[in-house]
There are 2 protein chains.
Amino acid sequence: MTASEQHSHLNETLAAIRPVAAECIAEAAERQLTLTKPPGSLGELESIGNRLAGIARCCPPPIPDPALLVVFAADHGVQAQGVSPWPQAVTRQMALNIVSGGAAVSVLARSHGAELRVVDVGMLEPVDGVEDRRVRSGSADLSEGPAMTEDELLQAIGVGLAVADEAAKAGFRCLLGGEVGIGNTTASAALISVFTGAAAEVVTGAGAGAAGEMLQRKREAVRRGIEVNGATADAPLAALAAVGGLEHAALVGLMLGGAAHGLPVILDGVIVCSAALAAQALCPAASGYFIAAHNGTEPGIVEALRALDLHQILDLGLRLGEGSGAVAALPLVRSAAAILREMATFSSAGVSGSTV
Amino acid sequence: MTASEQHSHLNETLAAIRPVAAECIAEAAERQLTLTKPPGSLGELESIGNRLAGIARCCPPPIPDPALLVVFAADHGVQAQGVSPWPQAVTRQMALNIVSGGAAVSVLARSHGAELRVVDVGMLEPVDGVEDRRVRSGSADLSEGPAMTEDELLQAIGVGLAVADEAAKAGFRCLLGGEVGIGNTTASAALISVFTGAAAEVVTGAGAGAAGEMLQRKREAVRRGIEVNGATADAPLAALAAVGGLEHAALVGLMLGGAAHGLPVILDGVIVCSAALAAQALCPAASGYFIAAHNGTEPGIVEALRALDLHQILDLGLRLGEGSGAVAALPLVRSAAAILREMATFSSAGVSGSTV
């Protein structure tokens, strides 16, 4: 596709996103009160179920199954600033490891029954066995200028849009976002700072292991990247091209495409949540389709979830990425729908109500 | 079995419980460092996996599957004090609803692949379709005297021991505890107060809906029950007979039996956790086999988990009981084992290590 066609695809997708159905959320909340349990006793599982009803525009909502986890892989020029203790080759090695079944997310996806797809949207080099939808070989150093051009950004978003379209066509009822890319928590911190207004120092964390001077360099790279590029929330596409990564852009496409198809999109950790902020900036209604899997340990995720108005399902101290937290939460998302669909009501089961 | 035979069965079970294998926990923690992820990045999932290795006495541990959730049903004489807004008939109605597949725990068990068994250990009346292992028709009012005799206690514990033996023989690799019994959070609060030393007012909560004057009556019933019966942690069997319920006793049997068979036992909410305290008092090593599913919303559960030295997996505001929280956590317990079994190591996957 040409850049202009990519732009059209994005604009059509944005136009297709409807706000989630508030009346179905209300209907689900009413239905919860008729089910054989004390009111509110399933806590967050009730909230998730009600949210799924709003997303699916029906109550009870369908079970969000089958589910597809898409892991976008890319490299980051900002790694030249020494922001991560892991060599860039690890992006390719881990992409292959995920495809081969040996990564944490591979194990979790098997264990929890999610289909898994790894898409190279811009690693430094292609890897046999990893789906090739490469936009460029790694992004440029965001601390010195834009990470990518606007054309490249639109292409990377287009990869995510295309994957969402393919998934909807194939009958998937739930999308999960994941990523692999050494250096990508640096880009994520920059995006979170831009879209939430929080200071770079506050939202930049250890990622996969930055500490001491390395963490200082990382914070400085984030601060400089925002300044050098003049990235602001008012121009979300420009900000995403300036301080994002290719996998962030593809995730934005996946999320917007999922929302346009009326599918729930389960977010993972700080990287996926940072992309969700960009998606929300492009289309505020999109975040109604997002479900926050976990709160991780990165400082930026707290700010991101607050700005997305989402509450996490899991609090397990996860900080691995790959989509591992999203897949970890999947069984509970399924069960939240099953509760609304399958539980008996007080009247159908002949169970007496409370006397007060 | 006679009371003396029941006592022998209990003593043999207590003698068979070995402390979990610290060396296997250490081996699992070492193994986590070789797997393709930043050290510690799977947070609590790593802790659970390591714990499962200690329980199974091998690393990696087997997947704790198939899993059996046992819901013990019983009634409570203390309901005469007006401690719950739900009529006692609801115990029988919900036991039947669980068996019929319409309760929250039925839906969760189907969704998460746990087998479900409902055992009547002392409802006011038997119910067709619910397994009959009735010790007596409801306990006596604990606020006026012992809830049951010591013979009855041993019989009810024996029901749990027998179910654990049957489950181990049938090849189950994980046990989950659940319960149904209107009034049973009152007995649970009394047990937690006795075994943790926390004041009755502190550990007595709303349960399935006690508020205002009803909550005051509930607190007073707990306080009086402990006082009237002279229940103390030094005499755990006497305390359990005095202020426990028949389902608490059966749960103690299930937990001790599970520990004796080397099986992980996933705890549910405040009721199951209160029984776990009694089990721990009878055999301190037993709690090494317990896994805390969630922290619920009842005040007593915080004290109970602290005394059990356990940290919950889920924080979802659950307060339903039935074993619903235990089943909700099951997929993550399975995955914690799968991660240790199935993830690639840095060397096997050819992934570079961190440079710092």
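Residues numbered from 1 in each chain as written. Chains lettered and ligands numbered in written order. Predicted model: local features only at pLDDT ≥ 70, side-chain atom pairs only at ≥ 80, totals over all residues. Heavy atoms only, no water.

**Details of the sheet that holds strand E3 (residues 131–132) of chain B**
All names here are of chain B. Rule in force here: At least two DSSP bridges between two strands are needed for those strands to be called paired. Numbered from the N terminus, helices here are DSSP runs of H or I no shorter than four residues, and strands are runs of E no shorter than two. We call two residues contacting when some pair of their heavy atoms lies within 4.5 Å. Fitting a line to C-alpha atoms yields each axis, with helices limited to the stretch in contact; the angle taken between N-to-C directions then spans 0 to 180 degrees.
Pairing is parallel in the open sheet, where 6 strands are placed in the order E3-E2-E1-E4-E5-E6. Across the chains shown, the open sheet's two edge strands, defined by having one partner strand only, are E3 and strand E6 (290–292). Two elements, strand E2 (residues 115–122) and E3, share 2 bridges in a ladder whose sense is parallel. Paired with Asp120 across the strands is Asp132, a residue of E3. Contacts between helix H11 (residues 246–260) and the sheet are confined to strand E1 (67–74), E2, strand E4 (174–180), strand E5 (265–267) and E6, with E4 contributing the most and set at about 175 degrees to the helix.

**A closer look at the confidence of the model for chain A**
Spelled out, the test is: In predicted models, pLDDT denotes the confidence assigned by the predictor to each residue on a 0 to 100 scale.
When pLDDT is averaged along chain A, the result is 97, and 100% of the positions lie at 70 or above. Our summary of model confidence lists the complex with pTM equal to 0.97 and ipTM equal to 0.97.

**Observations regarding the pattern of salt bridges**
Residue and element names in this part refer to chain A. Keep this limit in mind: We count a salt bridge whenever a side-chain nitrogen from Lys or Arg sits within 4 Å of a carboxyl oxygen from Asp or Glu. Classification of residues uses two cut-offs on accessible area relative to the type maximum, computed with a 1.4 Å probe and protein chains only: under 20% is buried, over 50% is exposed, and between them is partly exposed.
The tally for this structure, following the rule as stated, stands at 28 salt bridges over all chains. For Arg117, the salt bridge goes to Glu131, with nearest N and O atoms at 2.9 Å. One end of the pair, Arg117, is in strand E2 (residues 115–122); the other, Glu131, is in strand E3 (residues 131–132), with 14 residues separating them in the sequence. Residue class for Arg117 comes out buried when judged on its relative accessible area of 18%. Overall, Glu131 belongs to the partly exposed group, its relative accessible area being 26%. Through salt bridges that share partners, Arg117, Glu131, Arg133 and Glu166 make up one connected network.

**Some words on the side chain of A:Gln32**
Residue and element names in this part refer to chain A. Turning to its location among the elements, Gln32 is positioned in helix H2 (residues 22–34). In this structure Gln32 comes out as buried when scored by relative accessible area, which is 2%. Excluding residues that lie within four positions of it along the chain, Gln32 makes contacts with Lys37, Glu46, Asn50, Ile339 and Leu340.

**Here's the deal with the sheet that holds E2(A)**
Residues and elements named next belong to chain A. If you walk across this open sheet you meet the 6 strands as E3-E2-E1-E4-E5-E6, and the pairing is parallel. Pairing within the sheet leaves two strands with one partner each, and these edge strands are E3 and strand E6 (290–292). Set on the sheet, helix H12 (residues 270–282) makes contact with strand E4 (174–180), strand E5 (265–267) and E6; between it and E4 the angle comes to about 115 degrees.

**Some thoughts on the interface of chain B and chain A**
Accessible area lost upon the coming together of the parts serves often as the stated size of an interface. So the rule is basically this: By convention, the term buried area covers the 1.4 Å-probe accessible surface removed from two parts as they join, with the contributions of both added. Polar contact is the term for a pair of N or O atoms within 3.5 Å; when the atoms are in protein, one must be able to donate a hydrogen and the other to accept it, and sequence-neighboring residues count only if both atoms are side-chain atoms. All residues other than Ala, Val, Leu, Ile, Met, Phe, Trp, Tyr, Cys, Pro, Asp, Glu, Lys and Arg, Gly among them, are scored as polar; the first ten of these are nonpolar and the last four charged.
Contact residues are listed per partner, giving 55 residues for chain B and 55 residues for chain A. Each partner contributes to the roughly 4,400 Å² buried at the junction of chain B and chain A, and carbon and sulfur atoms together form 65% of this total. At the boundary of chain B with chain A, the tally comes to 2 salt bridges. Among the ionic pairs, A:Glu342 bridges to B:Arg110, the shortest N-O distance being 2.8 Å. On inspection of chain B and its partner chain A, the count reaches 20 residue pairs in polar contact (both at pLDDT 80 or more). Listing elements by their share of the side of chain B that touches chain A, those giving two or more residues are helix H3 (43–56), helix H4 (89–100), helix H5 (104–112), helix H14 (324–342) and helix H15 (346–349) of chain B. Among the elements that make up the side of chain B that touches chain A, the one with the highest residue count is H14(B) (8 residues). For the side of chain B that touches chain A, a count of residues per class yields 30 nonpolar, 18 polar and 7 charged.

**A few points about H14(B)**
All names here are of chain B. Test applied: Multiply 1.5 Å by the residue count of a helix minus one, and that product is the helix's expected span. The bend at a residue is defined as the angle formed between two axes, one fitted to the seven residues ending at that residue and one fitted to the seven starting there.
With 19 residues, H14 should reach 27 Å at 1.5 Å per residue; the first-to-last C-alpha distance of 28 Å fits that figure. Its axis deflected by about 35 degrees at Leu330, H14 carries its strongest bend there, up to four residues before the proline Pro331. Within H14, 17 of the 19 residues are buried, leaving the element largely enclosed by the surrounding structure.

**Considering the packing of helix H1 (residues 3–16) of chain B against H11(B)**
Residues and elements named next belong to chain B. We apply this condition: Here is the rule for angles: anything less than 35 degrees is roughly parallel, anything more than 145 is roughly antiparallel, 65 through 115 is roughly perpendicular, and the remaining ranges are oblique. The sense of a crossing depends on the near helix, which, turned anticlockwise from the far helix by less than a right angle, makes the crossing left-handed and, turned clockwise, makes it right-handed.
Between H1 and H11, the least distance of the axes is 8 Å, while the angle of their chain directions is 45 degrees. One element, H1, and the other, H11, form an angle in the oblique class. Crossing handedness for the pair H1 and H11: left-handed. Residues Leu10, Thr13, Leu14 and Ala16 of H1 pack against Leu256, Gly257 and Ala260 of H11. Across the contact of H1 with H11, the residue classes break down as 5 nonpolar, 2 polar and no charged.

**Looking at the packing of aromatic side chains**
For clarity, the cut-off: Aromatic rings from Phe, Tyr and Trp, taking only the six-membered ring of Trp, are treated as a pair when their centres fall within 6.5 Å; an angle between ring planes under 30 degrees marks them as stacked, one over 60 as edge-to-face, and anything in between as tilted.
Per the stated rule, a full pass over the model turns up 2 aromatic pairs over all chains. Between the aromatic rings of A:Phe346 and B:Trp86, the centroid separation amounts to 5.9 Å while the plane-to-plane angle is 20 degrees, which identifies the pairing as stacked. Taken together, the residues span two chains, with A:Phe346 in helix H15 (residues 346–349) and B:Trp86 in the loop between E1 and H4. A residue is classified by how much of its surface remains accessible, and A:Phe346, at 17% relative accessible area, is buried.

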